[in-house]
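Below, each chain spelled out in residue letters.
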Amino acid sequence: MLRKLGCSWVAAHRRMLRGDLSPILLTSKRCLMPNFDLCWKCGNKRRNIYDLFCDKCNVIQRPHEKDNFFKIFSLPPKFSVDVPSLQRQYRAMQTQLHPDKFANRPEDEKAVSAEFSALVNDAYNTLTNPMARALHMLKLHRETILESDKSTDSEFLMNIMELNEAIENSKTEQDLRLLEKNNQAVLGQIVKELEQKFEQNDIRGAKKLVIKMKYFHTLSVKIKEAKGNKGIVD
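Small disclaimer: the values here were computed from a predicted structure and weren't measured.

The rules behind these values
Residues numbered from 1 in each chain as written. Predicted model: local features only at pLDDT ≥ 70, side-chain atom pairs only at ≥ 80, totals over all residues. Heavy atoms only, no water. Helix = DSSP H or I, 4+ residues; strand = E, 2+ residues; numbered from the N terminus. Buried < 20%, exposed > 50% of the residue type's maximum accessible area, 1.4 Å probe, protein only. Contact = heavy atoms within 4.5 Å. Areas by Shrake-Rupley, 256 points an atom, 1.4 Å probe, with all protein chains shown as cover. Salt bridge = Lys/Arg side-chain N within 4 Å of Asp/Glu carboxyl O. pLDDT = per-residue confidence, 0-100. Expected span 1.5 Å × (residues − 1). 1 Å grid on protein atoms, 1.4 Å probe; cavity = no way out; pocket = protein on both sides within 12 Å on 5 of 7 lines; lining within 4 Å. Points joined across faces, edges and corners; volume = space filled by probe spheres on them.

**Student:** For this particular structure, what's the right way to read the overall build of the protein?
**Tutor:** A count of helices and strands for the protein gives nine helices and zero strands. Walking the protein from its N terminus toward its C terminus, one meets helices and strands in the order α-α-α-α-α-α-α-α-α. Expressed as a percentage of the 234 residues in the protein, the buried residues total 36%. Counting contacts in the protein only where the partners sit at least 6 residues apart, residues at least 24 apart contribute 63% of the total. Total accessible area on the protein stands at roughly 14900 Å², and carbon and sulfur atoms take up 51% of it.

**Student:** Sorry if this is basic, but what is going on with the pattern of salt bridges here?
**Tutor:** Here the structure, examined in full by the defined rule, presents 13 salt bridges. A salt bridge links Asp153 to Lys212, with the shortest nitrogen-to-oxygen separation between them at 4.0 Å. A residue pair is termed long-range when its members are at least 10 positions apart, and Asp153 in the loop between helix 6 (130-140) and helix 7 (154-169) and Lys212 in helix 9 (residues 203-229) qualify at 59 residues. In this structure Asp153 comes out as partly exposed when scored by relative accessible area, which is 33%. In this structure, Glu173 and Arg177 form a salt bridge, with 3.2 Å as the shortest nitrogen-oxygen distance. Of this pair, Glu173 and Arg177 both sit in helix 8 (residues 173-199), four residues apart, which is roughly one turn of that helix. Residue Glu173 is classed as partly exposed on the basis of its relative accessible area, which comes to 42%.

**Student:** How should I be thinking about the confidence of the model for the protein in this particular structure?
**Tutor:** When pLDDT is low, close inspection of the predicted coordinates is not appropriate. Confidence in the prediction of the protein, expressed as mean pLDDT, is 87, and 85% of residues score 70 or more. Here helix 1 (residues 2-5) is the element of the protein with the lowest mean pLDDT, 40, and helix 8 is the one with the highest, 97. Contacts of residues 1-32 to residues separated by more than four positions or lying in other chains number 40 contacts, the stretch itself having pLDDT below 50.

**Student:** Sorry, what's going on with helix 8 here?
**Tutor:** Because each turn of an α-helix spans 3.6 residues, side chains separated by three or four positions end up pointing in the same direction. Here helix 8 contains 27 residues, and its C-alpha end-to-end distance of 39 Å stays within 8% of the 39 Å for a straight helix at 1.5 Å per residue. When helix 8 is considered as a whole, its buried residues turn out to be Leu176, Leu179, Asn183, Leu187, Ile190, Val191, Leu194 and Phe198. If you follow the buried residues of helix 8, they end up packed against helix 6, helix 7 and helix 9. Residue Asn201 follows helix 8 closely and has a positive phi angle near 60°.

**Student:** Help me understand the layout of surface pockets in this model?
**Tutor:** If a probe the size of a water molecule is rolled over the atoms, the empty space left behind becomes visible. When its volume is computed, the second largest pocket comes out at roughly 200 Å³. Asn129, Pro130, Met131, Gln184, Leu187, Gly188, Val191, Met213, His217 and Ser220 together form the lining of the second largest pocket. Sorting the residues of the lining of the second largest pocket by element identifies helix 6, helix 8 and helix 9 as the ones contributing at least two each. Ranked by residue count, the leading element in the lining of the second largest pocket is helix 8, at four residues.

This is how it looks when you write it as structure tokens:
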């Protein structure tokens, strides 16, 4: 199989470990990308590219996906996520990727496990955070939100300005607790609306909601800072 592709990733990898780079001349464009159907260590065909380890040599495999965090956990790309189920899968994967399990393994396998573990952490932190998850889904739809992307709703912006002033002028713990409760309620409503927008594939509508969501997320940060300045502990 490797010979048919015109290159051997296993042989190339072994030459690189010896510091011999000269023979690695890739003459075929098909050789520029690794074949995840094959184990990078033993070269045998893998039973399932989603398995963390090769079913033949039991060596940790390289991440088959780095851009779509949903695929890392074999999840459909939906804004509505079953967080408890995701948490269980995350813990199971990190147990398998724990550094202690690779303490006596070769350096190349340690490097792969460390890369995979970092990727799983990043994916989990993104998918369990509604704001980060929404931004990730926009990215998957080739949409991004720039610093220059602001709401043009004058009434909305006036409301945000008044809320900022309320945070700055808050004098008691009760004031901040109420502001925090109301802000969380608004964020919760935006999350529900985002679920509908993404479900309907209304990406433009979802983007507008995420822009508004960022304002309330900023308010959350300011409320937390104000609580800290007043010595209020949750």
